[in-house]
Amino acid sequence: MNWSPPDEWPRIRTIESHTGGEPLRVVVDGFPDLPGETILEKRRYAQLNHDDLRRAIMFEPRGHADMYGALLTDPVTDDGDIGVLFTHNAGHSTMCGHGVIALGVVLPTIGAIELDPAEPIIRMDTPAGRVTAYPRLGGDDLTDGNDPSNGDVPAISRVAFENVPAYAVALDETIETETFGTVRYDIGFGGAFYAYCDATDLGLSLEPESASALAAAGRELKAAIAEEAALEHPTDEDMEFLYGVIFTDEPEGDADIRNVCVFADGEVDRSPTGTGVSGHLALRQARGELARGESFAVESIVGSVFTGRVNDVREHHGREAVIPEIEGEAYITGTNTITVDPRDPFGEGFFIR
């Protein structure tokens, strides 16, 4: 079959991937250029000028309510390798750990980034700041120069990344809710702001069959806490919003805790949530429960695991913050070319929860 869409139709090429079960649709060609001196400026431009394409890529019939994506841009720092915006069903996030891990696999594999075998590093400029990914190479990867045209692709599945500073915002706060009564919560920042709640206290189970109940609870609690909590970011007002609610419980496998993050408009993260694990590290360090260099493993709703470590503790704009390192696995699942027929009444997609 040699059919191609008409030239006037948008054609957006993507690499499909997942990290711990959570999708990442990486846009590699066809999205308009995003001007701006910073990634936050590029984010604002995308929100104001190309949200129709974001909806087309994320929403049905091309995506679904829990789709997640990444838009690649030029770096905005002198030593950056690439810039990235992360997208979901409600807009654009400020940072995404599972996305960074997936990009650590996708970018070298497709030849967008050439890794130094002696020091495999990808410096990513995100809306939250610099995030550095460390693809874990094994065997004789890259010995032939990492030329995908010759079939030389690195066999990467595990990636670690050093995140932006993470810190505790509030401990042992309470809020009154219609469904759950009084709810205790903590707030941590790990590239985005999250409220952390004990699932058992709320009568919730962190199992796949409970996803709808978790989404509903996450929506209710996020709205209630966001209305009450005053969130301040030290440098950027665009970051000052509650991104999600993280429910915690005892692990089922070989991990320290099980959690489910509900973010954006009721999205249920299939992965342990890299920025959320960063917040866990900050909260536990603030309570004196986690030492520098100690590992802390977090299990997701589907059983995938991210391992977090506190690489450093330092002062950050008047707060004590941790420098988190998070590690997980990601895999490429396919390729895609998205088109939009201008006659299609559902060209910009639709959202059903």
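Coordinates for the structure precede this section.
This text gives an overview of the structure that appears in the document. From a predicted model like this one, the values you see are computed outputs, not experimental measurements. (Residues numbered from 1 in each chain as written. Predicted model: local features only at pLDDT ≥ 70, side-chain atom pairs only at ≥ 80, totals over all residues. Heavy atoms only, no water.)

This part covers helix 5 (residues 274-286). An α-helical turn contains 3.6 residues, so a residue and the one three or four places further along point in the same direction. Relative to the 18 Å expected for 13 residues at 1.5 Å per residue, helix 5 spans 19 Å between its end C-alpha atoms, a close match to the ideal helical length. A large share of helix 5 lies buried, amounting to 11 of its 13 residues. Positive phi appears at Gly 288, one or two residues downstream of helix 5, with a value of about 75°. (Helix = DSSP H or I, 4+ residues; strand = E, 2+ residues; numbered from the N terminus. Expected span 1.5 Å × (residues − 1). Buried < 20%, exposed > 50% of the residue type's maximum accessible area, 1.4 Å probe, protein only.)

What follows concerns the side chain of Thr 273. Examined against the element boundaries, Thr 273 turns out to sit in the loop between strand 14 (267-268) and helix 5. With relative accessibility at 4%, the residue Thr 273 sits in the buried group. Engagement of the side chain of Thr 273 in a polar contact is seen with the side chain of Asp 269, the distance being 2.8 Å. Aside from chain neighbours lying at most four places away, what touches Thr 273 is Tyr 194, Cys 261 and Phe 306. (Polar contact = N/O pair within 3.5 Å; in protein donor to acceptor, adjacent residues only side chain to side chain. Contact = heavy atoms within 4.5 Å.)

Moving on, we get to the pattern of salt bridges. For the structure on display, the rule yields 31 salt bridges. The partner of Arg 54 in a salt bridge is Asp 51, and the shortest N-O contact between them spans 2.9 Å. With Arg 54 and Asp 51 both in helix 2 (residues 51-58) and three residues apart, this pair spans about one turn of that helix. Since its relative accessible area comes to 5%, Arg 54 is described here as buried. A residue is classified by how much of its surface remains accessible, and Asp 51, at 18% relative accessible area, is buried. Where Asp 79 meets Arg 130, a salt bridge forms, and the shortest distance between an N and an O atom there is 3.0 Å. Separated by 51 residues along the polypeptide, Asp 79 in the loop between strand 3 (69-73) and strand 4 (82-88) and Arg 130 in strand 7 (residues 129-135) bring together distant segments of the chain. Counted as one network, the salt bridges with shared partners bring together Arg 136, Arg 158, Arg 309, Glu 325, Glu 327 and Glu 329. (Salt bridge = Lys/Arg side-chain N within 4 Å of Asp/Glu carboxyl O.)

This part covers the packing of aromatic side chains. One pass over the structure, following the stated rule, counts 11 aromatic pairs. The rings of Tyr 68, Phe 86, Tyr 194, Tyr 196, Phe 241, Tyr 243 and Phe 263 are connected pair by pair, giving a single aromatic cluster. (Phe/Tyr/Trp six-rings, centres within 6.5 Å; stacked < 30°, edge-to-face > 60°.)

Empty space within the largest pocket amounts to approximately 320 Å³. Together, 17 residues line the largest pocket, and Arg 184, Thr 248, Ile 257, His 280 and Arg 284 are the ones closest to its centre. Residue assignment for the lining of the largest pocket shows that the elements contributing at least two residues are strand 10 (181-189), strand 11 (193-198), strand 12 (242-249) and helix 5. Sorting the residues of the lining of the second largest pocket by element identifies strand 2 (22-29) and strand 3 as the ones contributing at least two each. When its residues are assigned to classes, the lining of the second largest pocket shows seven nonpolar, two polar and four charged. (1 Å grid on protein atoms, 1.4 Å probe; cavity = no way out; pocket = protein on both sides within 12 Å on 5 of 7 lines; lining within 4 Å. Points joined across faces, edges and corners; volume = space filled by probe spheres on them. Nonpolar A, V, L, I, M, F, W, Y, C, P; charged D, E, K, R; others polar.)

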